[in-house]
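Report on the structure
Spelled out, the chains give:
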Amino acid sequence: MKNLKIGIIGAGSAVFSIRIISDLCKIQELSGTHVVLMDVDKKRLENVLILAKELTNFFNARITFSTVETIKETKKRRRQ
């Protein structure tokens, strides 16, 4: 699947998010996927982003990430 975009709402929950990202990394057909991590807690979101990038490196997965703090930000970026 090319150009798939997945959003994880509540991504500041590290266990929840990392389990999902780990599963995505193991599916070769999802190579090139972009994952948007969303949470209102900016610090937790930053920590999960670091872990997510490490996990994709470990699995040699081609998954990219961005972060947002509100759903409105997601909609705004989608229009651009």
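Residues numbered from 1 in each chain as written. Predicted model: local features only at pLDDT ≥ 70, side-chain atom pairs only at ≥ 80, totals over all residues. Heavy atoms only, no water.

What follows covers unusual backbone geometry. Excluding glycine, residues mostly carry a negative phi; peptide bonds, for their part, are mostly trans. For Asn-60, which is not glycine, the phi torsion reads 55° and is therefore positive. By secondary structure assignment, the location of Asn-60 is in the loop between helix 2 (42-59) and strand 3 (64-68). (Helix = DSSP H or I, 4+ residues; strand = E, 2+ residues; numbered from the N terminus.)

A few words on the packing of aromatic side chains. Aromatic rings considered in pairs are described by the distance between their centres and by the relative angle of their planes. Counted by the stated rule, this structure contains one aromatic pair. Taking 5.1 Å as the distance between ring centres and 85° as the angle between the ring planes, the aromatic pair formed by Phe-58 and Phe-59 counts as edge-to-face. (Phe/Tyr/Trp six-rings, centres within 6.5 Å; stacked < 30°, edge-to-face > 60°.)

Turning our eyes to something else, we now look at the nonpolar core. In this structure, Ile-8, Ile-21, Val-35, Leu-37, Ile-63 and Phe-65 are the most contacted members of the largest nonpolar core, which totals 16 residues. Put simply, the parts of the chain that give this core at least two residues each are helix 1 (14-25), strand 2 (34-38) and helix 2. A total of five residues in this core trace back to one element, the largest contributor, which is helix 2. (Core = buried A, V, L, I, M, F, W, Y, C linked by side-chain atoms within 4.5 Å. Buried < 20%, exposed > 50% of the residue type's maximum accessible area, 1.4 Å probe, protein only.)

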